[in-house]
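Spelled out, the chains give:
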Amino acid sequence: MIQNTSAQPLILGGAQTPRAALPHLPPLALYIHIPWCVRKCPYCDFNSHTASKVLPEEEYVDALLADLDQDLHAVYGRELSSIFFGGGTPSLFSAAALGRLLKGVEARIPFASDIEITLEANPGTFEQEKFVAYRKLGINRLSIGIQSFQQEKLEALGRIHNGDEAIRAAGMARQAGFDNFNLDLMHGLPDQSLDDALSDLRQAIALKPTHLSWYQLTLEPNTVFWNQPPILPEDDTLWDIQEAGQALLAEHGYAQYEVSAYAQPGRSARHNLNYWSFGDFIGIGAGAHGKLSHPDGRIVRTWKTRAPKDYLNPAKSFLAGAKELTNEELPFEFLMNALRLTDGVEARLYAERTGLDLASLDKARTDAEQSGLMQVEPSRLVATDRGQLFLNDLLQKFLS
């Protein structure tokens with residue numbers, strides 16, 4: 001059993017005006033990071049690493065549970081509303097390994113009766129064969145990384161599946177008992193035309209997922225694409241794709257509820273909604289981030305050791321660092337998530353989840369409303385359409 005018990009001091013904010021004790025702690029979720037992939041994609045800036053022929057499943061599950069043990073003191077008496085396995089490619093792990101992990105988690109933190117458990121998966125045939133076993137574990141939602149159905153686009157993105165495998169993956173997910181699954185799809189791909197993008201989107205819609213994550217390819221630092229940028233569509237084409245794609249999704253009953261998330265009625269991703277509404281989440285695994293609220297009003301973000309070899313090293317701490325959010329940071333921290341939601345959040349949540357008075361936002365909020373970036377809606381904090389397009393400009397108004 002990996003221990004990783006070496007002490008790691010918290011990196012906390014300096015002295016500040018005390019906040020009110022939080023009257024209600026927000027819902028609690030668990031994020032589990034599995035950092036290995038068959039191959040690193042050239043656009044990916046996530047903490048992912050090319051897998052060896054034999055993955056250290058047993059050792060990594062031991063480490064994840066030991067990591068969780070060190071966070072339990074902060075969540076005693078609470079239950080999990082959702083679990084999300086992200087990566088990397090979590091579906092590279094066997095059902096046996098994930099089953100042992102889930103049993104270990106439930107033995108430590110009770111599950112809500114209607115808990116949502118999501119697993120990210122790729123469309124490759126090898127992984128599809130595991131879908132039935134995953135469903136039997138209690139995993140009740142899949143997020144399948146399609147990105148495109150067109151072979152030349154998949155090759156440009158460095159994906160290892162083909163279009164036929166992508167189509168079969170959705171069918172096999174449904175046959176395995178998943179009545180709730182997401183398809184990840186990109187647009188704005190190298191040399192992509194409007195017709196190309198809409199063809200991908202129509203094919204995804206035809207597979208009848210309950211949820212679609214449809215987002216534009218961006219070039220991120222520390223990626224192959226950043227250093228060797230492909231030729232991407234012109235801005236006018238990107239705008240045409242965005243407008244036409246959103247209309248097509250709406251026509252087929254997929255409501256946009258976040259910048260890049262679309263869902264059938266009642267099928268929004270519960271885990272992501274909790275994140276965007278400033279809920280709490282434990283993060284375990286190499287490079288995982290977490291955010292926990294404490295009854296006394298402290299709100300602490302944590303991040304774990306990033307390199308898998310260090311995370312598995314008993315001589316090193318799982319915790320790479322932690323930071324208590326200050327009163328000056330909280331407005332931005334809360335709103336950078338909440339304002340991504342198309343309908344925003346109820347205004348009362350600001351005080352409930354930060355411990356700060358809602359009136360402290362009045363000056364910046366009025367400025368944002370007069371600039372056409374926020375709706376004049378006293379009971380909600382919600383961006384206008386223009387505000388979502390220029391979200392960075394909107395958020396700048398709430399920086400101290």
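Look a little higher up for the structure.
Residues numbered from 1 in each chain as written. Predicted model: local features only at pLDDT ≥ 70, side-chain atom pairs only at ≥ 80, totals over all residues. Heavy atoms only, no water.

Caption draft 1: Up close: the nonpolar core. Judged by nonpolar contacts, the single largest core of 68 residues is most densely connected at I83 and F85. Of the residues forming this core, the biggest block, 7 residues, is contributed by helix α1 (residues 57-71). Ignoring any residue separated from it by four or fewer positions in sequence, one finds I83 in contact with L30, I32, L102, V105, F111, I115, E116, I117, T118 and H271. Core analysis: the second largest hydrophobic core is formed by 30 residues, A263, L341, L349 and L356 among them. (Core = buried A, V, L, I, M, F, W, Y, C linked by side-chain atoms within 4.5 Å. Buried < 20%, exposed > 50% of the residue type's maximum accessible area, 1.4 Å probe, protein only. Helix = DSSP H or I, 4+ residues; strand = E, 2+ residues; numbered from the N terminus. Contact = heavy atoms within 4.5 Å.)

Caption draft 2: Structural detail: the packing of α1 against helix α2 (residues 95-108). Running from N to C, α1 and α2 point in directions that differ by 15 degrees, and their axes come no closer than 10 Å. Classed by the angle they form, the pair α1 and α2 counts as roughly parallel. Here α1 and α2 pass one another in a crossing that is right-handed. Along the contact surface, α1 presents E57, E58, V61, D62, L64, L65, L68 and D69, while α2 presents A97, R100, L101, G104, V105 and R108. Along the lines of polarity and charge, the residues of the contact of α1 with α2 split into 7 nonpolar, 1 polar and 6 charged. (Axes fitted to C-alpha atoms, helices over the stretch in contact; angles between N-to-C directions. Parallel < 35°, antiparallel > 145°, perpendicular 65-115°, else oblique. Left-handed = near helix turned anticlockwise from the far one by under 90°. Nonpolar A, V, L, I, M, F, W, Y, C, P; charged D, E, K, R; others polar.)

Caption draft 3: Spatial organisation of the packing of aromatic side chains. Applying the stated criterion across every chain, the model contains 11 aromatic pairs. Relative to Y262, the ring of W214 lies with its centre 6.3 Å away and its plane at 70 degrees, an arrangement referred to as edge-to-face. Linking W214 in strand β8 (residues 211-216) with Y262 in strand β10 (residues 261-263), this pair joins segments that are 48 residues apart in sequence. Feature note: the residues W36, Y60, F93, Y311 and F318 constitute an aromatic cluster, connected by ring pairs. The aromatic ring of F278 is capped on one face by K291, whose charged end is 3.8 Å from the ring centroid. (Phe/Tyr/Trp six-rings, centres within 6.5 Å; stacked < 30°, edge-to-face > 60°. Lys NZ or Arg CZ within 6 Å of the ring centre and 35° of its normal.)

Caption draft 4: Looking closely at a negative patch on the surface. A cluster of acidic side chains, namely E234, D235, D236, D240 and E243, defines a negative patch on the protein surface. Examined against the element boundaries, D240 turns out to sit in helix α9 (residues 235-251). (Patch = residues over 30% accessible without salt bridge, like charges linked within 9 Å, V, L, I, M, F, W, Y side chains within 5 Å. Areas by Shrake-Rupley, 256 points an atom, 1.4 Å probe, with all protein chains shown as cover. Salt bridge = Lys/Arg side-chain N within 4 Å of Asp/Glu carboxyl O. Lys, Arg positive; Asp, Glu negative; His and termini not counted. Charge placed at Lys NZ, Arg CZ, Asp CG, Glu CD.)

Caption draft 5: Quick peek at a nonpolar patch on the surface. A cluster of nonpolar side chains, namely W239, L389 and F390, defines an oily patch on the protein surface of about 320 Å² accessible area. When you line up the elements, L389 lands in helix α15 (residues 385-389). Looking at L389, the relative accessible area reads 52%, which means it is exposed.

Caption draft 6: Up close: α2. The end-to-end C-alpha distance of α2 is 20 Å, a good match for the 20 Å that 14 residues give at a rise of 1.5 Å each. Burial in α2 covers these residues: A95, A97, L98, G99, L101, L102, G104 and V105. For α2, the secondary structure elements touched by its buried residues are β1 (28-34), α1, β4 (80-87), β5 (111-121) and α4 (131-136). (Expected span 1.5 Å × (residues − 1).)

Caption draft 7: Highlighting the environment of T223. Looking at the secondary structure, you find T223 in the loop between β8 and α8 (224-227). The class for T223 is buried, based on a relative accessible area of 4%. A sequence separation of 181 residues divides T223 from P42, and the C-alpha atoms of the two residues are 5.9 Å apart. Setting aside residues up to four positions removed in sequence, T223 forms contacts with P42, Y43, C44 and D45.

Caption draft 8: The packing of helix α7 (residues 194-206) against α9, seen in detail. Interaxial distance between α7 and α9 falls to 9 Å at its minimum, and their mutual angle equals 25 degrees. When the interaxial angle is binned, α7 and α9 end up roughly parallel. As for how α7 packs across α9, the hand of that crossing is right-handed. Across the interface between the two elements, L194, A197, L198, L201, R202 and I205 of α7 pack against T237, D240, I241, A244, G245, L248 and L249 of α9. Along the lines of polarity and charge, the residues of the contact of α7 with α9 split into 9 nonpolar, 2 polar and 2 charged.

Caption draft 9: Structural context of the pattern of salt bridges. Enumeration according to the criterion identifies 20 salt bridges in this entry. Put simply, R100 and D62 hold a salt bridge, and the shortest N to O gap is 3.1 Å. Residue R100 is located in helix α2, and its partner D62 is located in helix α1; the two are separated by 38 residues in the primary sequence. Ionic pairing is found between D296 and R298, a salt bridge with its closest N-O pair at 3.0 Å. Here the salt bridges do not stand alone but share partners, grouping E58, D62 and R100 into one network.

Read these as spatial facts, not as claims about activity.
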